[in-house]
Amino acid sequence: MPVLEPNPQNGQKKFVIVLGAMLAITVVIGIVASIASP
């Protein structure tokens, strides 16, 4: 199974969603940390 396909299938879409979710979680943690810091 290739990582990148010419025509994105469901697996490709899921991979992009997971990557986006990880990025979003990282951003949220950064924002919360900056707010919580004195």
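Residues numbered from 1 in each chain as written. Predicted model: local features only at pLDDT ≥ 70, side-chain atom pairs only at ≥ 80, totals over all residues. Heavy atoms only, no water.

The chain is annotated in an unreviewed UniProt entry as SGM_5486 family transporter-associated protein from Streptomyces solicavernae.

K.L.:
Outline the overall build of the chain, listing residues and values.
P.N.:
The secondary structure content of the chain amounts to 1 helix and 0 strands. The 38 residues of the chain split such that 3% are buried. Counting every atom, the chain has about 3600 Å² of accessible surface; 76% of that belongs to carbon and sulfur. (Helix = DSSP H or I, 4+ residues; strand = E, 2+ residues; numbered from the N terminus. Buried < 20%, exposed > 50% of the residue type's maximum accessible area, 1.4 Å probe, protein only. Areas by Shrake-Rupley, 256 points an atom, 1.4 Å probe, with all protein chains shown as cover.)

K.L.:
Help me get a handle on a nonpolar patch on the surface, residues and values and all.
P.N.:
The grouping of Phe-15, Val-16, Val-18, Leu-19 and Met-22 at the surface amounts to a nonpolar patch, some 480 Å² of accessible area in total. Tracing the sequence through the fold places Leu-19 in helix H1 (residues 10-36). (Patch = residues over 30% accessible without salt bridge, like charges linked within 9 Å, V, L, I, M, F, W, Y side chains within 5 Å. Salt bridge = Lys/Arg side-chain N within 4 Å of Asp/Glu carboxyl O.)

K.L.:
So what's going on with the environment of Thr-26? Which residues, and what values?
P.N.:
Secondary-structure assignment places Thr-26 in helix H1. Accessibility expressed as a relative area gives 53% for Thr-26, which makes it exposed. Among the polar contacts listed, one links the side chain of Thr-26 to the backbone oxygen of Met-22, at a separation of 2.8 Å. (Polar contact = N/O pair within 3.5 Å; in protein donor to acceptor, adjacent residues only side chain to side chain.)

K.L.:
A description of the UniProt feature "transmembrane region" (unreviewed entry) in the chain should follow, citing residues and the corresponding values.
P.N.:
Under the present numbering, the feature "transmembrane region" (unreviewed entry) in UniProt falls on residues 15-36. Secondary structure content for residues 15-36 is 100% helix and 0% strand, while the C-alpha to C-alpha distance between its ends is 31 Å. (UniProt positions renumbered as here; feature names shortened; annotations may be inferred.)

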